[in-house]
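Listed below are the residues making up each chain.
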Amino acid sequence: HKKLLCSKYYIELLNSFKQFCIDKQYSSVTVDHYAKETEKLFAYCESQSVLTCCEITLELIHNYIKTLAGYSYKTIELALCGIRKCCFYLYLNEYVGCDYSTKIPMVQARKQTRIPSVWSQAELKQLIVSIDRGSPLGKRDYAIILLACHLGLRVGDIKKLQYDNFHWSSSELIFIQSKTKKPSILPLTREVGWAVIDYLKYARPDVDCPYVFLRHVAPFLPFSDDNHLAQIIQKYMTLAHIPNSPQKKRGMHSLRHT
């Protein structure tokens, strides 16, 4: 992510806003999103020679929003969400005298109005068959994909799974969801359970790390927050000769929907 800000004033304000979001216990993905959208807004302020927040007006914010024309509804909705949070923070800490967050327009782009992208049974079987379960990397990817399509786990939850989340005696997977912060108890099916055991016993790098799934390139670390594991799906789609389609999303989240 390219650094956009030059002004020390806005850089310090951005860091303060980011800490505010962290203190609110937002997820790391949400914090990064809010920070990036705020950074873009502050960069626009710099470009308009608005050097302090007290000079920010509703007209300036609306002019910035106009620069988003041409993006998809969902992209604009996410951008406005970040701008709204930034404006609330500025008002809360008395950087501005008006709560502009209540005046930011709303974009109706609800996910619930669209049918989610899913895999057919034949496509899913074709994808799974293409995985080389004899290799360490294949054992890891096989377990990850089963957790997504059999139990419907989010990518963020898969990446954060630890040894203690697997309750083998009761065949349950118990964890706190990273997005909602709510506890989840799922049945650890035989196929999923043995896939995870196979990875832990015969494939996982022997490093002292609480997370179950690791990168298989030194240094052997957990997946980063901004890694959505899409490269795993694309790899096996290529091996399975499953074509990409602009009408269907083929990320890990599509396996959750499936």
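Further up the page is the structure itself.
The following refers to the structure shown. Think of each chain on its own: its residues are numbered from 1, step by step along the sequence as written. Residues qualify for local features only when their pLDDT is at least 70, as the model is predicted, and side-chain atom pairs are given and counted only at 80 or more; totals for whole chains, interfaces and linings, by contrast, use all residues. Heavy atoms from the whole structure form the basis of all side-chain values; hydrogens and water molecules are not counted.

Moving on, we get to the pairing of strand β2 (residues 172-176). Here β2 shows one buried face, formed by Leu173 and Phe175, and one open face, formed by Glu172, Ile174 and Ile176. One ladder, built from two bridges, connects strand β1 (residues 166-167) with β2; its direction is antiparallel. If you follow His167 over to β2, its bridge partner there is Glu172. Hairpin connection from β1 to β2: four residues lie between these consecutive antiparallel strands, with Ser171 at a positive phi of about 50 degrees. Relative to strand β3 (residues 183-187), β2 runs antiparallel, the two sharing five bridges. Type-normalised accessible area, obtained with a 1.4 Å probe on protein chains alone, sets the label of each residue: buried when under 20%, exposed when over 50%, and partly exposed for intermediate values. Starting at the N terminus, helices and strands are each numbered in turn, a helix being any DSSP run of H or I of at least four residues and a strand any DSSP run of E of at least two. One bridge is not enough; two strands pair if DSSP finds at least two bridges between them.

Our focus in this paragraph is the nonpolar core. With 42 residues, the main nonpolar core has Ile145, Leu173, Phe213, Met252 and Leu255 as its most contacted residues. By residue number, the principal contributor to this core is helix α6 (residues 136-151), which donates nine residues. We call two residues in contact when some of their heavy atoms are within 4.5 Å. Residue contacts for Met252: discarding those within four places in its chain leaves Ile144, Ala148, Val155, Ile158, His228, Leu229 and Ile233. Here the nonpolar core consists of buried residues drawn from Ala, Val, Leu, Ile, Met, Phe, Trp, Tyr and Cys, with membership extended through side-chain atoms lying within 4.5 Å.

In the segment running from Ala218 into Pro219, the intervening peptide bond is cis, with an omega of -5 degrees. At Leu229, a position not held by glycine, the phi torsion is positive, near 65 degrees. Within the secondary structure layout, Leu229 lies in the loop between α8 (190-202) and α9 (230-239). The buried category is assigned to Leu229, whose relative accessible area is 0%. Located in the positive-phi region is His241, a residue other than glycine, with phi close to 60 degrees. Position of His241 relative to the elements: it lies in the loop between α9 and α10 (252-257). Overall, His241 belongs to the exposed group, its relative accessible area being 68%.

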